[in-house]
Amino acid sequence: RYTHPTPGSNLRTSPPISYSEGTKSGTIPKRVGVGVHPACPKEGNCTTLFEILDLMRRVTLHTELPSAERLPLQAKDQTRLMTALRLAASHMEAGATQALGHAVTVYNKTGTVPNNERLDHGLIVDKVSGERFLIALSLPYNTTSTSTITTVTKQALSALAAMPTD
């Protein structure tokens, strides 16, 4: 879907998605995006790093946010999302641990757009101080590796941790 496998294909069309959980199952029908995004006018499912990180914020900090900023999530669904984000593979964790000097908890979602970019978005929680950091990364796919995510995370957190906390 992301690599335009057929001439004229784009991200406007999301294929049907089948799901099952316990005794529940169903299909989310095919959808065609109608949104207009200045950064990618020909695509219908375009989001910015800010939008992705804001969604991460709204999921991970759900219970702390004003009701107007919350997603319409039931408690059990928010718990499942937090568990999935915590258990997801993370290239940020090593960099965060190196920067802060001790263990952290990372809630993140990695992604790739093959031949385009490597993505990682997450909430990093310092287990000692309780400080939390929201970080979004987008790196060139063909000139970086997943270890670059570790390096950039370390650099970003080192800089943030060194800032005064007025």
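The shown structure was predicted, so the numbers you read here are calculated from the model rather than taken from an experiment.

*Asks:* Looking at this structure, I do not really get the packing of helix α3 (residues 92-100) against helix α4 (residues 146-162). What am I missing?
*Replies:* For any two helices packed against each other, one specifies the inter-axial angle together with the distance between the axes. Following both chains from N to C, one finds α3 and α4 inclined at 35 degrees, their axes separated by 7 Å at the closest point. Of the two elements, α3 crosses α4, and the hand of that crossing is right-handed. Judged by residue contacts, Met92, Ala94, Gly95, Ala96, Gln98, Ala99 and Leu100 of α3 engage Ile149, Thr150, Thr153, Lys154, Leu157, Ser158 and Ala161 from α4.

*Asks:* Got a minute to help me understand the environment of Leu49 in this structure?
*Replies:* Positionally, Leu49 belongs in helix α1 (residues 49-60). On the basis of relative accessibility, which here comes to 33%, the residue Leu49 falls in the partly exposed class. Residues Leu49 and Asp120, 71 residues apart in the sequence, show an inter-C-alpha distance of 9.5 Å. Here Leu49 is in contact with Leu119, His121, Ala136, Leu137 and Ser138, once residues within four sequence places are set aside.

*Asks:* Just to check I follow, could you spell out the pairing of strand β5 (residues 104-113) for this structure?
*Replies:* Side-chain positions along a regular strand alternate between the two faces of the sheet. Bridge count for β5 against strand β6 (residues 117-126) is 10 bridges, and the pairing is antiparallel. When the sheet's bridge partners are listed, Val106 is paired in β6 with Ile124. Hairpin connection from β5 to β6: 3 residues lie between these consecutive antiparallel strands, with Asn115 at a positive phi of about 65 degrees.

*Asks:* Honestly, α3 in this entry has me stumped. Any pointers?
*Replies:* The α-helix winds at 3.6 residues per turn, so residues separated by three or four positions along the chain end up facing the same way. Regarding α3, the residues found buried are Met92, Gly95, Ala96 and Leu100. Considered in projection along α3, the buried side chains sweep an arc of 120 degrees and stay on one side of the axis. Where the residues of α3 are buried, they touch β5, β6, β7 (132-140) and α4. Residue Gly101 follows α3 closely and has a positive phi angle near 85 degrees.

*Asks:* Explanation requested: the pattern of salt bridges in the structure shown.
*Replies:* Any two side chains of opposite charge can pair, on the condition that their charged atoms come close. Under the defined criterion, the tally for this structure stands at 5 salt bridges. Between Arg132 and Glu64 there is a salt bridge whose closest N-O contact spans 2.7 Å. Here the residue Arg132 occupies a position in strand β7, and Glu64 occupies one in the loop between α1 and α2 (75-87), the gap between them amounting to 68 residues. Through salt bridges with shared partners, a single network forms among Glu21, Asp77 and Arg80.

Conventions adopted
Residues numbered from 1 in each chain as written. Predicted model: local features only at pLDDT ≥ 70, side-chain atom pairs only at ≥ 80, totals over all residues. Heavy atoms only, no water. Axes fitted to C-alpha atoms, helices over the stretch in contact; angles between N-to-C directions. Helix = DSSP H or I, 4+ residues; strand = E, 2+ residues; numbered from the N terminus. Left-handed = near helix turned anticlockwise from the far one by under 90°. Contact = heavy atoms within 4.5 Å. Buried < 20%, exposed > 50% of the residue type's maximum accessible area, 1.4 Å probe, protein only. Pairing = 2+ DSSP bridges. Arc of directions from axis to C-beta. Salt bridge = Lys/Arg side-chain N within 4 Å of Asp/Glu carboxyl O.

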